[in-house]
Number of protein chains: 4
Amino acid sequence: MPLPERFHDIAKRVNNWGRWGTADEIGTLNLITDEVVREAARAVRTGHRVPLALPLRQDGVQTGAIPGRVNPLRTMTAVNWAMFGPDTVAISDDVVTMGLQAGTHWDGLGHVSHSGRLYNGRPASTVTAHQGAGFSGIEKVTTLISRGVLLDVARTRGVERLPEGHAVTSEDLDAAEELAGTRVRGGDIVVVRTGQIQRYLSGDRHGYAYPSPGLSISAPEWFHARDVAAVADDTLTFEVFPPEIKDLWLPVHALHLVEMGMPQGQNWNLEELSTACAEDGRYAFLLSATPEPFVGGVGSPVAPVAIR
Amino acid sequence: MPLPERFHDIAKRVNNWGRWGTADEIGTLNLITDEVVREAARAVRTGHRVPLALPLRQDGVQTGAIPGRVNPLRTMTAVNWAMFGPDTVAISDDVVTMGLQAGTHWDGLGHVSHSGRLYNGRPASTVTAHQGAGFSGIEKVTTLISRGVLLDVARTRGVERLPEGHAVTSEDLDAAEELAGTRVRGGDIVVVRTGQIQRYLSGDRHGYAYPSPGLSISAPEWFHARDVAAVADDTLTFEVFPPEIKDLWLPVHALHLVEMGMPQGQNWNLEELSTACAEDGRYAFLLSATPEPFVGGVGSPVAPVAIR
Amino acid sequence: MPLPERFHDIAKRVNNWGRWGTADEIGTLNLITDEVVREAARAVRTGHRVPLALPLRQDGVQTGAIPGRVNPLRTMTAVNWAMFGPDTVAISDDVVTMGLQAGTHWDGLGHVSHSGRLYNGRPASTVTAHQGAGFSGIEKVTTLISRGVLLDVARTRGVERLPEGHAVTSEDLDAAEELAGTRVRGGDIVVVRTGQIQRYLSGDRHGYAYPSPGLSISAPEWFHARDVAAVADDTLTFEVFPPEIKDLWLPVHALHLVEMGMPQGQNWNLEELSTACAEDGRYAFLLSATPEPFVGGVGSPVAPVAIR
Amino acid sequence: MPLPERFHDIAKRVNNWGRWGTADEIGTLNLITDEVVREAARAVRTGHRVPLALPLRQDGVQTGAIPGRVNPLRTMTAVNWAMFGPDTVAISDDVVTMGLQAGTHWDGLGHVSHSGRLYNGRPASTVTAHQGAGFSGIEKVTTLISRGVLLDVARTRGVERLPEGHAVTSEDLDAAEELAGTRVRGGDIVVVRTGQIQRYLSGDRHGYAYPSPGLSISAPEWFHARDVAAVADDTLTFEVFPPEIKDLWLPVHALHLVEMGMPQGQNWNLEELSTACAEDGRYAFLLSATPEPFVGGVGSPVAPVAIR
């Protein structure tokens, strides 16, 4: 099924190709200027830090439905190994095999293509088995720190978590922004809470994966209008799944990653953050969420922290 | 060879077992209080961010000398895969196998034992092949953000990089602290620059690994006196290697990780940071360096960022 | 729960410790002499070969129930990579991560210990995270080829496959030997068919795993009496599961691997072999089933072939 | 550099496309008929078995020169783990990450393409990151057993091992066949000994890899004339390296894998076999060398055994 007219209309409106030059590989992360970060540091009031990553473990969020995206398998290469002889210092070491998008992660700009193109008009064929992403590899994101704003859509709607098929629309984002009490601005990182991750946390991995609430096809225009640098949420698929429009799969991925050049994050645990923000009414914070610099990577695990 | 008297003397002086309770698993990270972080955020002046991680790649710093600590092998599980049919959005995904201590990383408190003991007196046998670190797994470090101070020992001594066998003593640290123009305080993260990583950056992986300058056995007492939360440097072995005292292997590891309960970082690239700090004379910054939360991990890759 | 009297009684009767010397590391494989193999080659009549391995793939037999025993994840490190420039020969390469016991495999003698001991009385502690099996590593099995005899218990009992909880007793083996029309002799490899693998082949991975028919605690004495070199079957757990005797877990593993020093194989696909043997009434063949020589391995994938 | 006229001339002469039908995926392995195997079993005289695989270990033959083709990293997922409680049977398990062509292996027909084509004219694009080899995956080789003939070129020339740049020509093969005292016939597996693997065995991994003796561009026509089913040797690159003809890289790979559809093996240890054959003058044997059935694999480790 080719992408429908409606998709292409939105794509045209949110497209950032060439905006930061034809050689650009980091898209909306260009919006995080020194000034933005300087301001973001002022969002730190108490010094309280809230971690947003899920623990990395064999029984992580992956169910096997996405081929090859394996949960972390961490094994020991040594346990109290007397490398230098007995009665002295002993070493334990470990090694991991994991899908880079298996847990709490960022999708890099190489993760998705449509119509044969990646962000900034690069040919999809520049992603290869041998090198990975020839352009916009995740290592190009050398730092990812800015002001974060929690848009707590579940709380705005007065529910524990959004219902399965709920598509988070621009109206939802407006309402959550109002609750947040701060206008989202250029260079911000937005974290959208649906509450869906509660399913995983309560042991229902399959229910977490599918069906799932998530971002609507109307969300990208909202983020584009605000000049947001990056967006993350607390679901496996990021966007509502199954999709809003029959046979239009992953349109939000395509709009964010390909058209806007905006990284997006999945499987972020926003439960503790939601409680903290609700308690003192402050929904903005310094958000530190730099991915691991895998050369050619199309994604990366991240251990994001909100500093309040 | 049993550990010598001298080691045990120092061990006694820097020991933190029980200081934060018998159940404690994070040691000196307890020193990073909300107040410390609130103050640390004030170190951000320009908003300039300096990344401190080496890119993660097959030709990383590991030479094969440490069995099993393999450089990252990142491969694609899909390249522009039309998961949902042709003419629609296509997916690229990747997976990695890597030693958790292969690149820029933190040593967790489970990484080293001596005399059958880990931090806080836990038996070394609580590290197992099956679960990894039963106590003090790297996932217990849920956030690692504080004020960072660069102690630029190479610059203090007026050299590009310290000579091979140079052991960084407490006198070196004093001098570098003076250059830094700020007194290291409780809860700070100290990053010590030897310049050794230049060898790797210039293509000499083996020369980088060994022989290497690094911390002296006198350094732990200095860090203990300042109540430092964590220390990282720009070498493979962290401490001077081969060791200062014949047949006394990895004494600094044992003092930091086992006695003090203080995480230590290796393979940090401090070159750009050194230049930046020297230019404006500001050696303190907000340092964000949260490890990936591998459950039971004895180490973790990290993508540290200095925010200035 | 300590091992019961009954277990120790059988253990005493089947024990082979010291039988081939105190330094021996391959146990019953010593029974495969040149003469045995020379005779085994005579079992080849038509030259027809029957493969007994399951294909190695992500949706293999593992369900996640055994921590860390991951199905094979094979990825490409290069796809038609023009390593030497365009218009010339292009290379594709691949890499795998897999549990050594994930698919069709042999359990090595290091796979199981009981009461702190391995085969030949070696301390269980000689298996380490750093080296794996210090004794009896799977690489010590340099060749594993002998006469194979199919004991088709399902066919003997006139069923497609044995019922879930069926424990294959020595009486079952007697009856199947009679059907086979050849007496099992010293150095033979016995393959026992339950039919259980049909569940996996029909898509029911969980049903295949558990509950499962398999060998009874009476089987080891039968194999010991015949001086069998190795035994394999077509189940995940090898022995009946859940176990025959409450709280006596994996007694057959312990008797075979620890007491007898006899390797055992699981997840062998015996369906095609069963048909072939039934058609011409010949249940003996040359069986080639050498494991991959992983140094220190406690198991290994194998691609067994019956040559008839 | 496009492939030269000379290459295309030979290609035309050895080409097997269509010979076994347009749907064929196993090429010259079709030559191993039941009759061939029945005859091959008669080559077993003493029952003596000679293993031809190198042990699989971290310090295997790979030097890092071939990106991603990593030596095996085997780690424990459990060591004497009391899965079912204390005082009962304890489990040790392991897992491996390795390049499928890292050690003693077969190249599958998907390993190499030239001019956009694979064996039987399949488009090179049928190899994908997602699925691996869409045609001629190594799992299609369900069994690989036939008569083996050792062509001991080093011994024929009266040297311990061939000099570095020696290209094994059809004349060399003729002479070695004469020494073998048996004419190579249709469906045979030929193993060619250069002695080069001695370098690896003596600890010189880099010297083993390069420069290396190996097969000449004249060899494929020899194998084609004899209707050989498969060929293996005791080098890393299989063919002489650097190549005989400037800028003509891997021509023998292209002729064997693409034009003939003939699997080829590398890193086989033929030293013990050479001694055994020389001792009794018998150079033919039953050779069992079935690869592991990785679905979509372009290669596979193998533990070949000569049964004499």
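For every chain, the first residue of its written sequence is number 1, and the numbers climb from 1 along that sequence. Chains carry letters and ligands carry numbers; both start at the beginning, A for chains and 1 for ligands, and go up in the order they are written. Totals for whole chains, interfaces and linings use every residue, but because this is a predicted model, local features are given only for residues with pLDDT of at least 70 and side-chain atom pairs only at 80 or more, for both listing and counting. Hydrogens and water molecules were not included; the side-chain quantities draw on all heavy atoms of the structure.

Engineer: Help me out: how do you make sense of the overall build of chain A in this one?
Structural biologist: Per the secondary structure count, chain A includes nine helices and 16 strands. As defined in this context, the radius of gyration uses C-alpha atoms, and a globule is described by 2.2 Å times the residue total to the power 0.38. Taking 308 residues into account, the globule formula puts the C-alpha radius of gyration at 19 Å, and chain A, at 20 Å, falls close to it. When its C-alpha atoms are laid out on the principal axes, chain A stretches across 70 × 50 × 40 Å. For every residue, the accessible area (1.4 Å probe, protein chains only) is compared with the maximum for its type, and the residue is labelled buried under 20%, exposed over 50%, or partly exposed between those bounds. By the burial criterion, 67% of the 308 residues in chain A qualify as buried. Contacts: residue pairs with any heavy atoms within 4.5 Å of one another. A sequence separation of at least 24 residues applies to 77% of the contacts in chain A between residues at least 6 apart. All accessible-area figures derive from a Shrake-Rupley calculation using a 1.4 Å probe, and residue coverage is judged against the displayed protein chains alone. Counting every atom, chain A has about 9,700 Å² of accessible surface; 50% of that belongs to carbon and sulfur. Positive: Lys, Arg. Negative: Asp, Glu. His and the chain ends are not part of the count. Note on charges: their place is set at NZ of Lys, CZ of Arg, CG of Asp or CD of Glu. Across chain A, the 27 positively charged side chains and the 36 negatively charged ones have centroids separated by 2 Å. A run of DSSP states H or I qualifies as a helix once it reaches four residues; a run of E qualifies as a strand once it reaches two. Both are numbered from the N-terminal end.

Engineer: Is there a simple way to think about helix 4 (residues 170-180) of chain D in this case?
Structural biologist: Residue pairs spaced three or four apart in an α-helix point in one direction, given the helix's 3.6 residues per turn. Residues and elements named next belong to chain D. For helix 4, every residue scored as buried is listed here: Ser 170, Asp 172, Leu 173, Ala 176, Glu 177 and Ala 180. The buried residues of helix 4 occupy one face: seen down the axis, they fall within an arc of 150°. Exposed positions of helix 4 whose direction lies more than 90 degrees from the buried face are Glu 171 and Glu 178. Packed against the buried residues of helix 4 are strand 8 (145-152), helix 3 (153-156), strand 9 (167-168), strand 10 (189-193) and helix 7 (219-226). A positive backbone phi angle near 75° is found at Gly 181, which sits one or two residues after helix 4. The arc in question is the one spanned by the directions pointing from the helix axis to the C-beta atoms.

Engineer: Even after reading the chapter, I still don't get the interface of chain B and chain A, so can you show me in this structure?
Structural biologist: Quoted interface sizes are often the accessible area lost when the parts come together. Taken together, the contact between chain B and chain A spans 89 residues of the former and 89 residues of the latter. In this assembly, chain B packs against chain A so that about 7,000 Å² is buried in total across both faces, 60% of it on carbon and sulfur atoms. Think of a salt bridge as a Lys or Arg side-chain nitrogen and an Asp or Glu carboxyl oxygen that are within 4 Å of each other. Joining chain B to chain A, the criterion identifies four salt bridges. Residues Arg 69 of chain B and Asp 93 of chain A are paired through a salt bridge, measuring 2.7 Å at the closest nitrogen-oxygen approach. Polar contacts, as used here, are pairs of N or O atoms within 3.5 Å; protein pairs need one atom able to donate a hydrogen and one able to accept it. Residues neighboring in sequence count only if both atoms are side-chain atoms. Scanning the region where chain B abuts chain A turns up 36 residue pairs in polar contact (both at pLDDT 80 or more). When residues in the side of chain B that touches chain A are grouped by element, the largest group, 10 residues, is from strand 3 (residues 90-99) of chain B. Residues were grouped as follows: Ala, Val, Leu, Ile, Met, Phe, Trp, Tyr, Cys and Pro as nonpolar; Asp, Glu, Lys and Arg as charged; and all remaining residues, including Gly, as polar. Along the lines of polarity and charge, the residues of the side of chain B that touches chain A split into 50 nonpolar, 27 polar and 12 charged. Summed over both partners, buried area is the accessible surface (1.4 Å probe) that two parts give up on being assembled.

Engineer: I keep staring at unusual backbone geometry and nothing clicks. Help me out?
Structural biologist: What is expected of a backbone is that most residues other than glycine have negative phi and most peptide bonds are trans. The omega angle of the peptide bond from Tyr 210 of chain B to Pro 211 of chain B is -10°, so this bond is cis rather than trans. Relative to the elements of secondary structure, Pro 211 of chain B occurs in the loop between helix 6 (205-209) and strand 11 (214-215). Between Phe 241 of chain D and the following residue, Pro 242 of chain D, the backbone shows a cis peptide bond with an omega angle of 0°. Its location among the elements puts Pro 242 of chain D in the loop between strand 12 (230-233) and helix 8 (251-260). For Asn 267 of chain B, which is not glycine, the phi torsion reads 60° and is therefore positive. Position of Asn 267 of chain B relative to the elements: it lies in the loop between strand 13 (264-266) and helix 9 (271-280).

Engineer: Please explain the interface of chain D and chain A as it appears in this structure.
Structural biologist: Contacts between chain D and chain A engage nine residues on the former and nine residues on the latter. With both sides pooled, the region where chain D packs onto chain A buries about 510 Å², and carbon together with sulfur makes up 75% of that total. Counting every contact that joins chain D to chain A gives zero salt bridges. Those elements that place two or more of their residues in the side of chain D that touches chain A are strand 2 (73-81) and strand 3 (90-99) of chain D. Sorting elements by how many residues they give to the side of chain D that touches chain A places strand 2 of chain D first, with four residues. Taken together, the residues of the side of chain D that touches chain A sort by class into five nonpolar, four polar and no charged.

Engineer: Got a minute to help me understand the relation of the copies chain B and chain A in this structure?
Structural biologist: Two chain copies, one operation linking them: a rotation about an axis together with a shift along it. Mapping chain B onto chain A calls for a screw motion: a turn of 180° about the axis and a shift of 0.0 Å along it, with 0.0 Å RMSD after fitting. Both copies of the chain, as the preceding transformation shows, are related through a two-fold rotation axis. Considering only C-alpha atoms, the part of chain B nearest the rotation axis is Thr 97 of chain B, at 2.1 Å. The atoms used to superpose the copies are C-alpha atoms, taken from residues with pLDDT of at least 70 in both, and the fit is least squares.

Engineer: Any chance you could explain the sheet that holds strand 16 (residues 305-307) of chain B here in plain terms?
Structural biologist: Through backbone hydrogen bonds, the strands of a sheet pair up, either in parallel or in antiparallel fashion. Residues and elements named next belong to chain B. What the nine strands build is an open sheet, ordered 1-16-14-8-10-12-13-4-15; its pairing is mixed. Only two strands of the sheet have a single partner each, and these edge strands are strand 1 (49-51) and strand 15 (299-301). Shown here is a sheet whose adjacent strand axes are inclined to one another by a mean of 25°, direction ignored. Summarising the sheet, strand 4 (residues 105-107) and strand 13 pair through three bridges and their orientation is antiparallel. Strand pairing is assigned whenever DSSP identifies at least 2 bridges connecting the two strands. Lines are fitted to the C-alpha atoms to define the axes, a helix being fitted only along its stretch in contact, and any angle between axes, read from their N-to-C directions, falls within 0 to 180 degrees.

Engineer: Would you mind going over the sheet that holds strand 8 of chain D with me for this structure?
Structural biologist: Residues and elements named next belong to chain D. Here nine strands make up an open sheet; going across it, the order is 1-16-14-8-10-12-13-4-15 and the pairing mixed. Since the sheet does not close on itself, it has two edges, and those belong to strand 1 (49-51) and strand 15 (299-301), each with one partner. Strand-to-strand, the axes of this sheet are offset by a mean angle of 25°, without reference to chain direction. Contacts from helix 2 (residues 34-41) reach strand 8 and strand 14 (284-288) within the one sheet, and its direction differs from that of strand 8 by about 60°. Packed on one face of the sheet, helix 8 meets strand 4 (105-107) and strand 13 (264-266) and runs near 135° to strand 13.

Engineer: In this structure, what is going on with the relation of the copies chain D and chain A? I would like to understand it.
Structural biologist: Overlaying chain D on chain A yields an RMSD of 0.0 Å, the required transformation being a rotation through 180° with an accompanying axial translation of 0.0 Å. Taken together, the interface assignments show that 100% of the residues at the interface of chain D recur at the interface of chain A, consistent with an identical surface on both copies.

Engineer: Would you mind going over the packing of helix 7 (residues 219-226) of chain C against helix 8 (residues 251-260) of chain C with me for this structure?
Structural biologist: How two helices pack is summed up by the angle between their axes together with the distance between the axes. All names here are of chain C. Orientation of helix 7 relative to helix 8, taken along the N-to-C sense of each, is 30°, at an axis distance of 9 Å. Contacts between helix 7 and helix 8 involve Pro 220, Phe 223 and His 224 on the former and, on the latter, Val 252, Leu 255, His 256 and Met 260. Of the residues in the contact of helix 7 with helix 8, the class split is five nonpolar, two polar and no charged.

Engineer: What is the right way to look at the confidence of the model for chain A in this model?
Structural biologist: Any region with low pLDDT has predicted coordinates that should not be read closely. Put simply, chain A has an average pLDDT of 97, and 100% of its residues get 70 or more. Overall fold confidence for the complex sits at a pTM of 0.97, while the interface term, ipTM, reaches 0.97. What pLDDT reports is the predictor's confidence in each residue, on a scale of 0 through 100.

Engineer: It is not clear to me how the packing of aromatic side chains should be interpreted in this structure. Could you clarify?
Structural biologist: For any two aromatic rings, the description comes down to two numbers: the centre-to-centre distance and the angle of the planes. Note on aromatic pairs: the rings of Phe, Tyr and Trp (six-membered ring only in Trp) are paired at centre separations within 6.5 Å, and the planes decide the class, stacked below 30 degrees, edge-to-face beyond 60, tilted for the rest. As enumerated under the stated definition, the model contains 28 aromatic pairs over all chains in all. Ring plane angle 85° and centroid distance 5.8 Å describe the contact between Trp 222 of chain A and Phe 223 of chain A, whose orientation is recorded as edge-to-face. By relative accessible area, which is 6% here, Trp 222 of chain A ends up buried. Here Phe 241 of chain A and Phe 84 of chain B contribute two aromatic rings whose centre-to-centre distance is 6.4 Å and whose plane-to-plane angle is 55°, an arrangement assigned as tilted. You can see Phe 241 of chain A sitting in the loop between strand 12 (230-233) and helix 8 (251-260) and its partner Phe 84 of chain B sitting in the loop between strand 2 (73-81) and strand 3, one on each of two chains. Here Phe 84 of chain B falls in the partly exposed class, since its relative accessible area comes to 22%.

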